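What follows is the residue order along each chain.
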Amino acid sequence: MLTLYHHGSSVCAAKARFAINEKGIPWTGVYLDILKGDQFSPEYLQLNPKGVVPTLVHNDNIVIIESTVIAEYIDGVFPNPPLKPMTAEGRAKMRIWTKAVDEDVHPACGEITFVSCHRHIVNRLPAAEREIFLNSTPPLSVTPQWHERKKQLVQLGFKTPGVAEKFRLYDRYLQKMEESLESGPWLAGQTFSLADVAMAPYLNRLAMLGMTEMWAKRPLVGAWFDRLRSRPTFATTFLDECPADLTEDLLTFGSESWREAREFVLP
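Residues numbered from 1 in each chain as written. Predicted model: local features only at pLDDT ≥ 70, side-chain atom pairs only at ≥ 80, totals over all residues. Heavy atoms only, no water.

Undergrad: Can you walk me through the state of the cysteines in this structure?
TA: Here a disulfide denotes one covalent bond, and it connects the sulfur atoms of two cysteines. Tallied over the full model, the rule gives zero disulfides. There is no disulfide at Cys 12, and the cysteine sulfur nearest it, in Cys 109, is 8.3 Å away. Residue Cys 12 is classed as buried on the basis of its relative accessible area of 12%. (Disulfide = S-S within 2.5 Å. Buried < 20%, exposed > 50% of the residue type's maximum accessible area, 1.4 Å probe, protein only.)

Undergrad: Explain the pattern of salt bridges to me, please; I cannot follow it from the model alone.
TA: Side chains that differ in sign of charge can pair as their charged atoms come close. By the definition in use, this model includes 16 salt bridges. With a closest N to O distance of 2.9 Å, Glu 66 and Lys 50 form a salt bridge. Within this pair, whereas Glu 66 is found in the loop between strand E4 (62-65) and helix H3 (67-77), its partner Lys 50 is found in the loop between helix H2 (42-47) and strand E3 (55-58), the two being separated by 16 residues in sequence. Classification of Glu 66 by relative accessible area gives partly exposed; the value is 36%. Taking relative accessible area as the criterion, Lys 50 reaches 24% and is therefore assigned partly exposed. Across the pair Glu 148 and Lys 151 runs a salt bridge whose closest N-O atoms are separated by 3.6 Å. Here Glu 148 pairs with Lys 151, and both are found in helix H6 (residues 146-156), just three residues apart, close to one helical turn. On the basis of relative accessibility, which here comes to 46%, the residue Glu 148 falls in the partly exposed class. (Salt bridge = Lys/Arg side-chain N within 4 Å of Asp/Glu carboxyl O. Helix = DSSP H or I, 4+ residues; strand = E, 2+ residues; numbered from the N terminus.)

Note that every value here comes from positions in space, so none of it alone points to a role or purpose.
Okay, structure coming up:
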């Protein structure tokens with residue numbers, strides 16, 4: 001039995017859902033509203049001391065945190081269909097992408113999401129609840145600096161130092177994708193793999209924020225995303241699990257933010 005603690009707008013939770021759904025495995029979800037602070041409850045922090053989602057519980061006694069580790073675990077325990085290339089070279093290419101997501105893309109995505117959308121949602125909270133939320137992030141969370149950085153993003157918005165560079169970093173990885181996809185339809189070559197599982201939520205985040213213009217001049221990236229959206233698991237993984245009001249907020253606030261952010265990456 002698989003139980004996944006997750007949230008509709010969490011890219012990491014989407015990564016875990018994608019891996020599970022691609023295997024066709026039934027799972028039970030425990031939905032945590034991370035924009036209201038459900039992830040900071042003492043009970044959940046016992047499962048995941050970072051106070052983030054996702055957390056996977058397998059057979060009630062195996063607890064796995066970190067979305068990349070969860071995806072690898074799922075592929076190891078449920079080997080069919082395989083989500084790793086058959087060759088050592090292919091697996092190395094795959095892991096270059098999963099490593100890049102963990103080290104670079106995800107921290108950038110967290111900042112882009114908060115500055116473009118989630119700060120508006122957090123600022124809807126009553127002042128006392130907002131302070132509790134902002135002060136509840138553990139010292140070691142999304143990044144070692146996330147406790148204070150999230151406060152800056154919520155309070156300063158696009159005036160937060162360094163925000164433009166996060167958009168530029170994202171843009172550089174879109175270009176890396178374009179170049180990688182010259183060698184095959186998927187990021188690690190000819191077969192869909194955990195590399196694609198890893199990057200999919202981060203392209204979908206841009207789409208949900210109304211920022212697809214970031215890859216408008218990268219046709220191979222656009223074709224890759226179209227292939228993803230045609231997979232039977234895409235809607236159930238990325239769209240159905242995101243509440244309608246949150247989907248609307250992401251698009252509304254994201255589209256408004258894009259008017260300011262586009263100058264960071266487009267001439």
